[in-house]
Amino acid sequence: MTQIQLPKNFLFGAATSAAQIEGGAFLDGRGASVWDTFAGQVGTIADGTTPSVSCDFYHNYKEDLALAKNLGLQSFRFSFSWSRIFPEGTGKANEKGLDFYKRVIDEIHKNNIIPNATIYHWDLPQALEEKGGWINRDIVQWYGEYASLLFREFGNSVPFWATVNEPIATYVGYAQGIFAPGHVSERMGRQANHHVLLSHGEGVQRFRQENIKDGKIGIVVDIWKHHPYRPDNPADCAMAELENEKTYRSYLNPLFHGRYTDALLRYMEKNECMPEIQDGDLEKIARPMDFFGLNCYNRVVDCADENLLEEERKKKHTGGNFQDNGFEFYPKAVYDAVKMLKKNYDLSIPIYVTENGTPGFHEKPDEKGCICDQNRIHYIKGFLYWIGKALEERYDIRGYYVWSLLDNWEWNSGFSSRYGLTYVDFDTQKRIIKESGKWYAKVIEERVIDWEINVHE
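What you see is a predicted model, and the numbers here were worked out from it, not measured in a lab. (Residues numbered from 1 in each chain as written. Predicted model: local features only at pLDDT ≥ 70, side-chain atom pairs only at ≥ 80, totals over all residues. Heavy atoms only, no water.)

Visitor: Describe the packing of helix H11 (residues 249-257) against helix H15 (residues 332-345), with residues and values.
Guide: Where H11 contacts H15, the axes come no closer than 11 Å and their chain directions differ by 45 degrees. When the axis of H11 is compared with that of H15, the two are oblique. For the pair H11 and H15, the crossing hand works out as right-handed. On H15, the residues that touch Arg249, Leu252, Asn253, Phe256 and His257 of H11 are Met340, Leu341, Asn344 and Tyr345. A breakdown of the residues in the contact of H11 with H15 according to their chemical character gives five nonpolar, three polar and one charged. (Axes fitted to C-alpha atoms, helices over the stretch in contact; angles between N-to-C directions. Helix = DSSP H or I, 4+ residues; strand = E, 2+ residues; numbered from the N terminus. Parallel < 35°, antiparallel > 145°, perpendicular 65-115°, else oblique. Left-handed = near helix turned anticlockwise from the far one by under 90°. Contact = heavy atoms within 4.5 Å. Nonpolar A, V, L, I, M, F, W, Y, C, P; charged D, E, K, R; others polar.)

Right, here's the structure in full:
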């Protein structure tokens, strides 16, 4: 058994997003988002649900933030709903929407919790999608106007700002059709990617213009490193390498090197999906940031022989341990990501692990009212161990946020997967802190992780 001591100044929190917890979809002047529209289409969401009510954080925010304080959370990560503030995406701001976030942020401070805000977490106003959405280059200015308003309204009360959460989700919505708005075009996906990155650069520029005292701005990128199933097989290695280029490297290289790699450019040229890139775009994307938000859940194992991989999946030992929920357990993924960021990108800004968590699919209270999610405790413990190892090696990681504070509406999974430290009964809106939430509160207080390392990790 190995013990890791986490520093006293290490920031512990939990993460959420507007579209997944707020509900109040059309209350007080809020306009539709692309997820409201997408969820209304038959067959798009696993359980046929919509985000119209979800956790009803819109009405329950005081209770939920008191719950966060009860868990000992030091920081609460949330996002603004673009369509709650600009129902048409641009133009006149909705004062009732602004007032809601003022009340939320005030309540966060009342509970002695640090707010960490995301400007864009996937929920584009439907009105902007109807103008071309992320394919229309005008979105860079639309986003900039939205970001500037947030900075002016909340800059003095929010110390941490993320321009975008997981830009790859926008690619998925335009290229693969399984996320909103549901397009299926690699060309559209790559153009949307470029415009999201360009909007990030616009957001950083506007943040600097506001000269917000003590405020920090960054971006949140998810890193799911692709590993070859057979490291000595050239086809597996080539497959994993290309997938890494198409996913996280397609963001990290423009952000930190100011360019797309030759390998990605060749792929986009070959597949006729090269985005329109104008002079100055890459310089804007690469504007210096104050921190990097790392979302890390797992790795991906690639095999050129799909039949072989499927056989191994059925045996449940593809490269390591498997959780009860069927997903591989590879907590070293976060350590690998942090090392890669330093080695390949010479990252000199602090890292915050802004999301990490694991789903339960059949969680419910037992006869004693307990949700005994030991699987989640084991998962988080493993990742915190590897974060601790990285800290011991002097990698600059400043904090960790569990996904999520609450069970919520998990995009195209609807309510079928639960990630929360807190159980939510979506019929009654009752909250029950899970065993993982109680355990996490103790970790925050004691800052000690005991871990028995497994050979597969």
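Visitor: So what about the nonpolar core? Which residues, and what values?
Guide: Membership of the largest hydrophobic core comes to 142 residues, with the highest contact counts inside it found for Phe80, Trp82 and Trp161. Here phenylalanine 80 is in contact with Ala18, Ile85, Tyr101, Ile105, Ala117, Thr118, Ile119, Asp123, Tyr146, Leu150, Phe154 and Trp161, once residues within four sequence places are set aside. (Core = buried A, V, L, I, M, F, W, Y, C linked by side-chain atoms within 4.5 Å. Buried < 20%, exposed > 50% of the residue type's maximum accessible area, 1.4 Å probe, protein only.)

Visitor: How would you sum up the packing of helix H5 (residues 95-110) against helix H7 (residues 139-154)? Please name residues and give values.
Guide: Interhelical geometry of H5 versus H7 gives an angle of 45 degrees and a closest axis separation of 11 Å. As far as their axial angle goes, H7 and H5 are oblique. Like other packed secondary-structure pairs, H5 and H7 cross with a definite hand, here right-handed. Residues Leu98, Tyr101, Lys102 and Ile105 of H5 form the contact with H7, whose own contacting residues are Leu149, Glu153 and Phe154. Tallied by class, the residues present in the contact of H5 with H7 amount to five nonpolar, no polar and two charged.

Visitor: Give me the lowdown on the sheet that holds strand E3 (residues 75-79), citing residues and values where you can.
Guide: Read around the closed barrel, the eight strands follow the order E2-E3-E4-E5-E6-E8-E12-E13; overall the barrel is parallel. Averaged over all pairs of adjacent strands, the angle between their axes in this sheet comes to 25 degrees, without regard to strand direction. Pairing geometry for strand E12 (residues 351-355) and strand E13 (residues 397-403), over three bridges, is parallel. Within the sheet, the bridge partner assigned to valine 353 lies in E13 and is tyrosine 400. Its contacts with the sheet put H5 on E3 and strand E4 (114-120), and the angle it makes with E3 is roughly 170 degrees. (Pairing = 2+ DSSP bridges.)

Visitor: I'd like to hear about the layout of surface pockets, residue by residue, with values.
Guide: The space that makes up the largest pocket amounts to roughly 1500 Å³. Along its surface, the largest pocket is lined by 48 residues, and Asp222, Trp224, Tyr297, Val300 and Phe327 are the ones closest to its centre. Mapped by element, the contributors of at least two residues to the lining of the largest pocket are helix H8 (168-176), helix H9 (186-210), helix H10 (234-246), strand E9 (300-302) and helix H14 (306-315). It is H8 that provides the largest number of residues to the lining of the largest pocket, a total of five residues. One number sums up the size of the second largest pocket: a volume of about 270 Å³. Considering the residues around the second largest pocket, the lining is formed by 14 residues, among which Gly360, Phe361, Glu363, Asp373 and Asn375 are closest to the centre. Grouping the constituent residues of the lining of the second largest pocket by class yields four nonpolar, five polar and five charged. (1 Å grid on protein atoms, 1.4 Å probe; cavity = no way out; pocket = protein on both sides within 12 Å on 5 of 7 lines; lining within 4 Å. Points joined across faces, edges and corners; volume = space filled by probe spheres on them.)

Visitor: Pulling in residues and values, what's your account of the environment of tyrosine 101?
Guide: Looking at where tyrosine 101 falls in the secondary structure, it is placed in helix H5. Sequence spacing of tyrosine 101 and leucine 150 is 49 residues, and the spatial spacing of their C-alpha atoms is 10.0 Å. Not counting chain neighbours up to four residues away, the residues in contact with tyrosine 101 comprise Ala18, Glu22, Ser79, Phe80, Ser81, Arg84, Ile85 and Phe154.

Visitor: Outline the packing of aromatic side chains, supporting the account with residue identities and numerical values.
Guide: Scanning the model with the defined rule gives 43 aromatic pairs in all. Feature note: the residues Phe57, Tyr58, Tyr61, Phe76, Phe78, Phe80, Phe100, Tyr101, Phe151, Phe154, Trp161 and Phe207 constitute an aromatic cluster, connected by ring pairs. In this structure, lysine 332 is placed above the aromatic ring of tryptophan 386, and the distance from its NZ or CZ to the ring centre is 5.9 Å. (Phe/Tyr/Trp six-rings, centres within 6.5 Å; stacked < 30°, edge-to-face > 60°. Lys NZ or Arg CZ within 6 Å of the ring centre and 35° of its normal.)

Visitor: Could you give an account of the environment of tryptophan 403, naming the residues involved and the relevant values?
Guide: Note that tryptophan 403 resides in strand E13. The exposure class of tryptophan 403 is buried, given its relative accessible area of 3%. For the pair formed by tryptophan 403 and tyrosine 267, sequence separation is 136 residues and the distance between their alpha carbons is 33 Å. With residues up to four places along the chain from it excluded, the contact list for tryptophan 403 reads Ala15, Thr16, Ser17, Gln20, His121, Tyr297, Glu355, Asn356, Gly357, Asn408, Glu410 and Tyr419. Separated by 2.7 Å, the side chains of tryptophan 403 and glutamate 410 make a polar contact. (Polar contact = N/O pair within 3.5 Å; in protein donor to acceptor, adjacent residues only side chain to side chain.)

Remember that the coordinates give geometry; whether it matters functionally is a separate question.
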